[in-house]
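# Secondary and tertiary structure notes
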Amino acid sequence: ITAVKGEFNSGDPVTISDGSQEIGKGIVNYSSDEIAKIKGAHSEEIKDILGYFNKSEVIHRDNMVIGGDKDEY
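Residues numbered from 1 in each chain as written. Predicted model: local features only at pLDDT ≥ 70, side-chain atom pairs only at ≥ 80, totals over all residues. Heavy atoms only, no water.

Along the chain, the position of N29 falls in the loop between strand 2 (22–27) and helix 1 (32–38). Apart from residues no more than four positions distant in its own chain, N29 is found in contact with S10, N54, K55, E57, V58, I59 and H60. (Helix = DSSP H or I, 4+ residues; strand = E, 2+ residues; numbered from the N terminus. Contact = heavy atoms within 4.5 Å.)

Encoded structure:
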């Protein structure tokens with residue numbers, strides 16, 4: 001994760017982008033504020049940064065769709 005745009009909560013669906021185009025959708029395990037704090041950090045650092053640990057991934061692959069026509073998400 002290199003950037004977070006917009007405001008969202010844990011459990012919300014978000015767009016995944018490579019910076020220039022939309023590449024997928026996913027359901028996040030952290031809010032936009034939390035992700036802004038932990039982006040670039042390793043999973044084992046999340047508890048130290050946030051004070052608690054939810055999941056090791058921001059979006060689990062089981063909750064993600066990559067590719068396809070964006071109208072099909």
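From this point, things continue past the structure.
What follows deals with the nonpolar core. Grouped together as the largest cluster of nonpolar side chains are 11 residues: F8, V14, I16, V28, Y30, I35, I38, I46, L50, V58 and I59. Of all the secondary-structure elements, those providing two or more residues to this core are strand 1 (13–17), helix 1 and helix 2 (46–50). If we ignore the near neighbours within four places in the chain, the residues touching V58 are I1, I27, V28, N29, Y30, I35 and I38. (Core = buried A, V, L, I, M, F, W, Y, C linked by side-chain atoms within 4.5 Å. Buried < 20%, exposed > 50% of the residue type's maximum accessible area, 1.4 Å probe, protein only.)

To continue, consider the sheet that holds strand 1. Remark on secondary structure: sheet strands pair via backbone hydrogen bonds, oriented parallel or antiparallel. One open sheet holds the 3 strands; their spatial order is 1-2-3, and the pairing between them is antiparallel. The two strands at the open ends of the sheet, each matched to only one other strand, are strand 1 and strand 3 (64–66). For this sheet, the mean inter-axis angle between neighbouring strands, taken without regard to orientation, is 20 degrees. Judged from the 5 bridges that link them, strand 1 and strand 2 form a sheet pairing that is antiparallel. Paired with V14 across the two strands is G26, which belongs to strand 2. (Pairing = 2+ DSSP bridges. Axes fitted to C-alpha atoms, helices over the stretch in contact; angles between N-to-C directions.)

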